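Chain by chain, the residues run as shown.
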Amino acid sequence: LQLGVAQRSSNLSPRGMCPNGFWATTAGAAAFKNKLPRGSQAVTKGTSAGSITARAASAAAPLHSCPRARGEMAPCRHVSLRRGQQQQQPPTRLSRRRLAVLAVFSCYSLVNAFQWIQYSILSNVFVRFYGVSFAHIDWLSMVYMVAYVPLILPATWLLDARGLRLTALLGAGLNALGAWLKCGSLAPGRYAVTMAAQGVCAVAQVFILGLPSRVAAVWFGPAEVSTACAVAVLGNQLGTAIGFLLPPVLVPNTPDDIDLMAHNISIMFYGTAIVSTLLFFLTGVVFEEKPKYPPSHSQAVLQTVPPEDYSYKQSIINFFKNIPFVLLLISYGIMTGAFYSVSTLLNQMIVTHYEGEEVNAGRIGLTLVVAGMVGSIICGLWLDYTKTYKQTTLIVYILSFIGMVVFTFTLDLGYLIVVFVTGGVLGFFMTGYLPLGFEFAVEITYPESEGTSSGLLNASAQIFGIIFTLVQGKLTTNFSPCAGNLFLCAWMFVGIILTALIKSDLRRHNVNSGIMNVDIKAVPVDSPGDHETCTALKVQSAL
């Protein structure tokens, strides 16, 4: 495994620079803090053999192979150190704006999640209003999943190529546009209009779901990055919670009065449109591309990589060559897809056993998500304190599986209070898992883009969510909710096994804390363009 970061040197004289003027930096290790510019440091973690060669994030050439030495015109990734040279470290500082950025992002993510769930929690109402089947209403939720999969790669490319601010504005703007288009579907027979509007909101979601880990990494320091990611995810969860609670209150089931039903739906649609428009303007005011100073050493390293050194195609290839990430990709998709399926079909499961309890079905969904919000914050704080990513992820996965089994076999007991309790326990662990997956992925794939790792995780979740929702919905309709839930339980057990197989490789944490034992070996490489010797650094890791 090879890993590293290239940066253009700004503090070396021409004779002290590698001929092409690039530094290959390896950092964070206390053993050589005084030998390299600390601001350009990065730590790389070893393979099972205990050794890696630092390299540029987008390059395939090893450090000891100097392009100029081979007569090639390519950036040199070697470090030449001059005796007595004064070392400089770029400052790292936390921006006050970071809290406003996090708050605005969480709010428009909230509105997007609210628009996702507002139809399925009122499935019987919209079936009557639009004169369609339950399957048609289920597709108003599943369109979010369907749109995400083909659009995630263009969206993550846009995030890497055009930056955080433009991506945020697209997410907030499309969210507002979809909300206003829904206001044109306030009449029976306009199902196609509301589906098109929901499709726009689904496209907005593509520019939202992958941002929590990116916002946290770019704006927050190492002691708060996991908590910030949890809060960003919490915004989406809170939107789902409000989507469970508010629509049944705003739009009670009035099957004998379609005009009243249309009026109640209009209140919900227009209110959502006004709020989402306000948040779009706030996004334009608050969001900046990045803070003036990087919040951590790992970000300081990444921000100095020349843009021409980055290859999106190579980054995607690196993700799929990373076996721990591939295992996490599948296990995260299973867990989150199961959550999407349960959320979409919760109303049908509840009213099957408790007829006429649509309002309580929404409250159970609220309980599930609010408990998950608490779980997310606790998990984020725990990760910032302990950095035990794999252990925490595995334990939460096992407890989610147990919660799903208990929920399945207590759903038909005839006591709603029991469903409230078991739903809360299920939500605490299942929803609390979401930020764990994001942060674990960033750790094991650093220095690859946080937005791309999160986007791929979400794409996996959407694929599994579509499959699980269709299969569980069919099992629930043809047999019983118990059959559908047991189907999810079986897949979650598979996810536990895959999570246990993930090798914990906390690369970003190593950069920020310098916990590795390293030895530096100098490998002289003669350059035909300069008689000075380029020195390649090879990092030996004891981890």
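Note that the structure is a prediction, hence the values are computed from the model and not measured.

Conventions and cut-offs
- Within any chain, residue numbers begin from 1 and follow the written order of that chain's sequence.
- Reporting of local features is limited, given that this is a predicted model, to residues whose pLDDT is at least 70; pairs of side-chain atoms are given and counted only at 80 or more, and all residues count toward the totals for whole chains, interfaces and linings.
- Where side-chain values are given, they derive from all heavy atoms of the structure, hydrogens and water being excluded.
- Helix numbering and strand numbering both begin at the N terminus, where a helix is a DSSP run of H or I of at least 4 residues and a strand a DSSP run of E of at least 2.
- The buried label goes to any residue with under 20% of its type's maximum accessible area, the exposed label to any with over 50%, and the partly exposed label to all in between, with areas taken from a 1.4 Å probe on protein chains only.
- Only heavy atoms enter the contact rule, under which two residues are in contact if any of them lie within 4.5 Å.
- The method behind every accessible area is Shrake-Rupley, applied with a 1.4 Å probe, and residues are considered shielded solely by the protein chains displayed.
- Here a patch means residues that are over 30% exposed by relative accessible area and free of salt bridges, tied together within 9 Å if like-charged and within 5 Å if nonpolar (Val, Leu, Ile, Met, Phe, Trp, Tyr).
- Salt bridges are identified by distance alone: a Lys or Arg side-chain nitrogen within 4 Å of an Asp or Glu carboxyl oxygen.
- Given a helix with a known number of residues, its expected span is that number minus one, times 1.5 Å.
- Working definition of a nonpolar core: buried Ala, Val, Leu, Ile, Met, Phe, Trp, Tyr and Cys residues. They are joined through side-chain atoms within 4.5 Å.
- In this analysis an axis means a line fitted to C-alpha atoms, helices contributing only their contacting stretch, and an angle means the value between N-to-C directions, from 0 to 180 degrees.
- Under this scheme an angle from 65 to 115 degrees is roughly perpendicular, one under 35 degrees roughly parallel, and one over 145 degrees roughly antiparallel; angles in between are oblique.
- Take the far helix as your reference; a near helix turned counterclockwise from it by less than a right angle gives a left-handed crossing, and one turned clockwise gives a right-handed crossing.
- Polar here means any residue other than Ala, Val, Leu, Ile, Met, Phe, Trp, Tyr, Cys and Pro, which are nonpolar, and Asp, Glu, Lys and Arg, which are charged; Gly is therefore polar.
- The bend at a residue is defined as the angle formed between two axes, one fitted to the seven residues ending at that residue and one fitted to the seven starting there.
- Stacked, tilted and edge-to-face are the three classes assigned to paired rings of Phe, Tyr and Trp, where Trp is represented by its six-membered ring and a pair needs centres within 6.5 Å; plane angles under 30 degrees give stacked, over 60 edge-to-face, the rest tilted.
- Looking at any residue, its pLDDT shows the predictor's confidence there, from 0 to 100.

Asks: Would you mind showing me how to read the overall build of the protein here?
Replies: From N to C terminus, the protein includes 18 helices and 5 strands. When each of the 543 residues of the protein is scored for burial, the buried share is 60%. Taking the intrachain contacts of the protein between residues at least 6 apart in sequence as the baseline, contacts between residues at least 24 apart amount to 81%. A total accessible area of about 20600 Å² is found for the protein, and carbon and sulfur atoms account for 65% of it.

Asks: Where do I start with the side chain of Q237 in this structure?
Replies: Note that Q237 resides in helix α7 (residues 225-250). Beyond its immediate sequence surroundings of up to four residues, Q237 is in contact with V369, G372, M373, S376, T431, L434 and P435.

Asks: Can you walk me through a nonpolar patch on the surface in this structure?
Replies: Taken together, I395, I398, L399, I402 and V406 make up a surface patch of nonpolar side chains, about 380 Å² in accessible area. Position of L399 among the secondary structure elements: in helix α13 (residues 389-410). Among the residues examined, L399 registers a relative accessible area of 31% and is labelled partly exposed.

Asks: So what exactly am I meant to see when it comes to the side chain of R214 here?
Replies: Relative to the helices and strands, R214 is located in helix α6 (residues 212-219). By relative accessible area, R214 is classed as buried at 13%. In this structure, R214 is in contact with L159, D160, L164, S449, E450 and G451, ignoring residues within four places of it in sequence.

Asks: What exactly am I supposed to notice about helix α1 (residues 97-117) here?
Replies: Residues three or four positions apart in an α-helix share a direction because the helix packs 3.6 residues into each turn. Compared with an ideal rise of 1.5 Å per residue, which puts 21 residues at 30 Å, α1 spans 31 Å between its outermost C-alpha atoms and is within 8% of the ideal. The buried fraction of α1 is high, at 16 of 21 residues.

Asks: Sorry, what's going on with the pattern of salt bridges here?
Replies: Counting across every chain of the model gives 2 salt bridges. The partner of R97 in a salt bridge is E288, and the shortest N-O contact between them spans 3.3 Å. Taken together, the residues R97 in helix α1 and E288 in the loop between α8 (258-286) and α9 (297-303) connect sequence positions 191 residues apart. The exposure class assigned to R97 is partly exposed, which follows from its relative accessible area of 31%. Here E288 falls in the partly exposed class, since its relative accessible area comes to 34%. E224 is paired through a salt bridge with R98; the nearest N and O atoms lie 3.0 Å apart. Of the two residues, E224 is situated in the loop between α6 and α7 and R98 in helix α1; the sequence distance between them amounts to 126 residues. Taking relative accessible area as the criterion, E224 reaches 22% and is therefore assigned partly exposed.

Asks: In this structure, what is going on with the nonpolar core? I would like to understand it.
Replies: In summary, soluble globular proteins display a tendency toward joint burial of nonpolar side chains. Core analysis: the largest hydrophobic core is formed by 124 residues, its most contacted members being Y108, F126 and F269. A per-element tally of this core places helix α11 (residues 323-353) first, with 14 residues. Once you skip the residues sitting within four places of it in the chain, Y108 turns out to touch A168, G171, A172, N175, I208, L211, L279, T283 and F287.

Asks: I would appreciate a short explanation of the packing of α7 against helix α15 (residues 433-445) in the present structure.
Replies: Between α7 and α15, the least distance of the axes is 9 Å, while the angle of their chain directions is 135°. With respect to α15, the axis of α7 lies oblique. Of the two elements, α7 crosses α15, and the hand of that crossing is right-handed. Taking contact as the criterion, the partners of V225, S226, C229, A230, V233 and Q237 in α7 are, on α15, L434, P435, F438 and E439. For the contact of α7 with α15, the class distribution of residues is 7 nonpolar, 2 polar and 1 charged.

Asks: Which parts of the structure should I look at to understand the environment of V326?
Replies: Looking at the element boundaries, V326 is found in helix α11. The partly exposed category is assigned to V326, whose relative accessible area is 23%. Once the C-alpha coordinates of V326 and L498 are considered, the two residues, 172 residues apart in sequence, prove to be 9.7 Å apart. Once residues within four sequence positions are removed from consideration, V326 is found in contact with F319 and F320.

Asks: Is there a simple way to think about the packing of helix α3 (residues 134-162) against helix α4 (residues 164-182) in this case?
Replies: Angle between the axes and distance between the axes are the two parameters that describe a pair of packed helices. Two elements in contact, α3 and α4, have axes separated by 7 Å at closest approach and are oriented at 140°. Overall, the two elements α3 and α4 adopt an arrangement that is oblique. Residues L158, L159 and R162 of α3 form the contact with α4, whose participating residues are L164, L166, T167 and L170. In the contact of α3 with α4, the residues fall into 5 nonpolar, 1 polar and 1 charged.

Asks: Explanation requested: α11 in the structure shown.
Replies: Taking 1.5 Å of rise per residue, 31 residues should cover 45 Å, and α11 covers 43 Å from first to last C-alpha, within 8% of that figure. At L345, α11 shows its largest bend, some 55°. Extensive coverage of α11 is indicated by the burial of 25 of its 31 residues.

Asks: I'm lost on the packing of aromatic side chains in this one. Help?
Replies: Two numbers describe a pair of aromatic rings. These are the distance of the centres and the angle of the planes. All told, the structure shown has 19 aromatic pairs when counted by the stated rule. Considering the side-chain rings of Y397 and Y433, the 5.3 Å spacing of their centres and the 75° angle between planes classify their relative orientation as edge-to-face. Of the two residues, Y397 is situated in helix α13 and Y433 in helix α15; the sequence distance between them amounts to 36 residues. By the ring-pair criterion, three or more aromatic residues cluster together here, those being Y119, F126, F129, Y130, Y191 and F269.

Asks: Would you take a moment to explain the environment of F134 for this structure?
Replies: Along the chain, the position of F134 falls in helix α3. On the accessibility criterion, F134 (38% relative accessible area) is partly exposed. The sequence separation of F134 and Q348 amounts to 214 residues, and the corresponding C-alpha distance is 9.3 Å. If sequence neighbours within four positions are ignored, F134 has contacts with S123, N124 and V127.

Asks: Any chance you could explain the confidence of the model for the protein here in plain terms?
Replies: Regions with low pLDDT carry predicted coordinates that are not meant to be interpreted in detail. Residues with a pLDDT of 70 or more make up 74% of the protein, whose mean pLDDT is 74. In the predicted structure, residues 1-87 sits below a pLDDT of 50 and forms 239 contacts with residues beyond four places in sequence or in another chain.

Asks: I tried to follow the environment of Y446 on my own but got confused; where do I start?
Replies: Structurally, the position occupied by Y446 is in the loop between α15 and α16 (450-478). Sequence separation between Y446 and L506 is 60 residues, and the spatial gap between their C-alpha atoms is 8.4 Å.

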